[in-house]
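Coordinate analysis (summary)
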Amino acid sequence: MSKPLLTILATACALALPALAHSRPLTLTAQLKNYGGDGAYLAAYLTDAKGAYVRTLWVAGGKAKYHKHLSDWSRLSAGDAKRLNGVTGASVGAGRTLKVTADLADALIDAGYEIRIDAAAEDMRDSPSEVRIPLSKANAGKPQAGKQYIQSATFQLQ
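Residues numbered from 1 in each chain as written. Predicted model: local features only at pLDDT ≥ 70, side-chain atom pairs only at ≥ 80, totals over all residues. Heavy atoms only, no water.

This part takes up the pairing of strand β3 (residues 53-60). Note: strand β2 (residues 40-47) against β3, six bridges, orientation antiparallel. Counted as the bridge partner of A43 is V59 from β3. As judged from the two bridges shared by β3 and strand β4 (residues 88-89), these two strands associate in the parallel manner. Each residue of the ladder has a partner; that of V59, found in β4, is T88. (Pairing = 2+ DSSP bridges. Helix = DSSP H or I, 4+ residues; strand = E, 2+ residues; numbered from the N terminus.)

Structure, rendered in structure tokens:
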């Protein structure tokens, strides 16, 4: 291996390792109510202390034409071209559970950030910011009630 290539590889590792060392997996679980409709579309995302969009954690429901009904997430994340890269899955049926894992930087915990979940179901009312959970160690493991479709949502830090 050439010396310049080794230098580039060493530099890349030196830059990447500290970022990995200061993050941890977060598992988000949302238990849906038996609301009597089709599968719900859900968007779980992170906002900062001012309510500005930071990143998408997960979107349940693959048909893009329905994403506009996840109105807060759709509006706040509109400028993020990477918002759906690797973070989508099937819609979630009534009474079912969504469980997803995302890596978060340690610096985001106890720093005013919030996990939000928007929800919508076909032919039913949209529910922007259905659940809002402050991202703090104190809130880890504490269920938060939803407004319309979600019975409860909780996150665990690992």
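Relative to the assigned elements, S91 resides in the loop between β4 and β5 (97-105). With 29 residues separating them in the primary sequence, S91 and G62 have C-alpha atoms 7.2 Å apart. Setting aside residues up to four positions removed in sequence, S91 forms contacts with G39, A40, Y41, A60 and G61. (Contact = heavy atoms within 4.5 Å.)

Bringing the sheet that holds β2 into the picture now. One open sheet holds the five strands; their spatial order is β4-β3-β2-β6-β7, and the pairing between them is mixed. The sheet terminates laterally at β4 and β7 (127-134), the two strands that pair on one side only.

Here we take up the pattern of salt bridges. Once the charged atoms of two side chains with opposite charge are near each other, the side chains can pair. For the structure on display, the rule yields four salt bridges. In this structure, E114 and R116 form a salt bridge, with 2.9 Å as the shortest nitrogen-oxygen distance. For the pair E114 and R116, one class covers both residues: buried. What you see here is one network of salt bridges that share partners, running through E114, R116 and R132. (Salt bridge = Lys/Arg side-chain N within 4 Å of Asp/Glu carboxyl O. Buried < 20%, exposed > 50% of the residue type's maximum accessible area, 1.4 Å probe, protein only.)

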